[in-house]
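Descriptive structure summary
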Amino acid sequence: MATYTRNELARDVLIEIGQLDPNEAPEAVDFETVDARAQQKLEELYEEGLIPFDLDGLIPARYFIPLVRIIAETVYGTYGVSARAVEFNANAAEGMKQLRRLRQRAYCGTPTQATYF
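In short, a report on the structure. (Residues numbered from 1 in each chain as written. Predicted model: local features only at pLDDT ≥ 70, side-chain atom pairs only at ≥ 80, totals over all residues. Heavy atoms only, no water.)

1. Structural notes on the pattern of salt bridges
Going through the model one piece at a time under the given rule, you end up with six salt bridges. Here aspartate 12 ties to arginine 11 by a salt bridge, and the two come within 3.9 Å at their closest N and O atoms. Residue lysine 41 pairs with glutamate 44 through a salt bridge whose shortest N-O separation is 3.3 Å. With a gap of three residues between them, lysine 41 and glutamate 44 both fall in helix 2 (residues 28-47), about one helical turn apart. Of the residues examined, lysine 41 reaches a relative accessible area of 15% and is grouped as buried. (Salt bridge = Lys/Arg side-chain N within 4 Å of Asp/Glu carboxyl O. Helix = DSSP H or I, 4+ residues; strand = E, 2+ residues; numbered from the N terminus. Buried < 20%, exposed > 50% of the residue type's maximum accessible area, 1.4 Å probe, protein only.)

Structure representation (structure tokens):
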């Protein structure tokens, strides 16, 4: 199963909003900005029960693209691409739908708790 790092998440968010060419490496300031916003959004989604993995660990592949789209919506204003706001909002809404669908399916690898009566 493929997994991704937080660095890859921040990089793909910058690519998604058009601030970074796929052949470039992100600047430190851009990485810190996106990573901070990503942390905030990931914590929010974790509390809602939409992501079942450790926030400091690797991101499973099935969650990666929805998270990129959701986090892109939170940072596009910072980078002055508000002209594409409708696109970012629609992508984020689709990303949330995907996370909700994934929540309904059992995630392989997560332990289940037994309840003894």
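Here the narrative resumes.
2. Some words on a negative patch on the surface
A cluster of like negative charges, contributed by Glu43, Glu47, Glu48, Asp54 and Asp56, occupies part of the molecular surface. In this structure, glutamate 43 sits in helix 2. Residue classification places glutamate 43 among the partly exposed residues on the basis of a relative accessible area of 38%. (Patch = residues over 30% accessible without salt bridge, like charges linked within 9 Å, V, L, I, M, F, W, Y side chains within 5 Å. Areas by Shrake-Rupley, 256 points an atom, 1.4 Å probe, with all protein chains shown as cover. Lys, Arg positive; Asp, Glu negative; His and termini not counted. Charge placed at Lys NZ, Arg CZ, Asp CG, Glu CD.)

3. Notes on helix 3 (residues 61-75)
Spanning 15 residues, helix 3 covers 22 Å between terminal C-alpha atoms, matching the ideal 21 Å at 1.5 Å per step. Looking at the packing, one finds that the buried side of helix 3 touches strand 1 (3-4), helix 1 (6-16), helix 2, strand 2 (59-60) and helix 4 (85-104). (Expected span 1.5 Å × (residues − 1). Contact = heavy atoms within 4.5 Å.)

4. Quick word on the packing of aromatic side chains
With the rule as written, the count across this model stands at three aromatic pairs. On the basis of an interplanar angle of 25° and a centroid distance of 4.2 Å, the ring pair of tyrosine 4 and phenylalanine 64 is categorised as stacked. Of this pair, tyrosine 4 sits in strand 1 while phenylalanine 64 sits in helix 3, placing them 60 residues apart in sequence. A relative accessible area of 4% means that phenylalanine 64 is categorised as buried. (Phe/Tyr/Trp six-rings, centres within 6.5 Å; stacked < 30°, edge-to-face > 60°.)

5. Describing the packing of helix 3 against helix 4
The relative placement of two packed helices is expressed as an angle between their axes plus a distance between the axes. Remark: helix 3 packs on helix 4, axes separated minimally by 8 Å, with the N-to-C direction vectors making an angle of 145°. The two elements helix 3 and helix 4 meet at a crossing, and its hand is left-handed. Touching Arg62, Tyr63, Pro66, Leu67, Arg69, Ile70, Ala72 and Glu73 of helix 3 are Phe88, Asn89, Asn91, Ala92, Glu94, Gly95, Met96, Gln98, Leu99 and Leu102, all from helix 4. Tallied by class, the residues present in the contact of helix 3 with helix 4 amount to 10 nonpolar, four polar and four charged. (Axes fitted to C-alpha atoms, helices over the stretch in contact; angles between N-to-C directions. Left-handed = near helix turned anticlockwise from the far one by under 90°. Nonpolar A, V, L, I, M, F, W, Y, C, P; charged D, E, K, R; others polar.)

6. Focus on the packing of helix 2 against helix 3
Two elements in contact, helix 2 and helix 3, have axes separated by 10 Å at closest approach and are oriented at 120°. Put simply, helix 2 runs oblique to helix 3. Considering how the two elements wind past one another, helix 2 and helix 3 form a crossing that is right-handed. Every residue of helix 3 that contacts helix 2 at Arg37, Ala38, Lys41, Leu42 and Leu45 is listed here: Leu67, Ile70, Ile71, Thr74 and Val75. Considering only residue class, the contact of helix 2 with helix 3 consists of seven nonpolar, one polar and two charged. (Parallel < 35°, antiparallel > 145°, perpendicular 65-115°, else oblique.)

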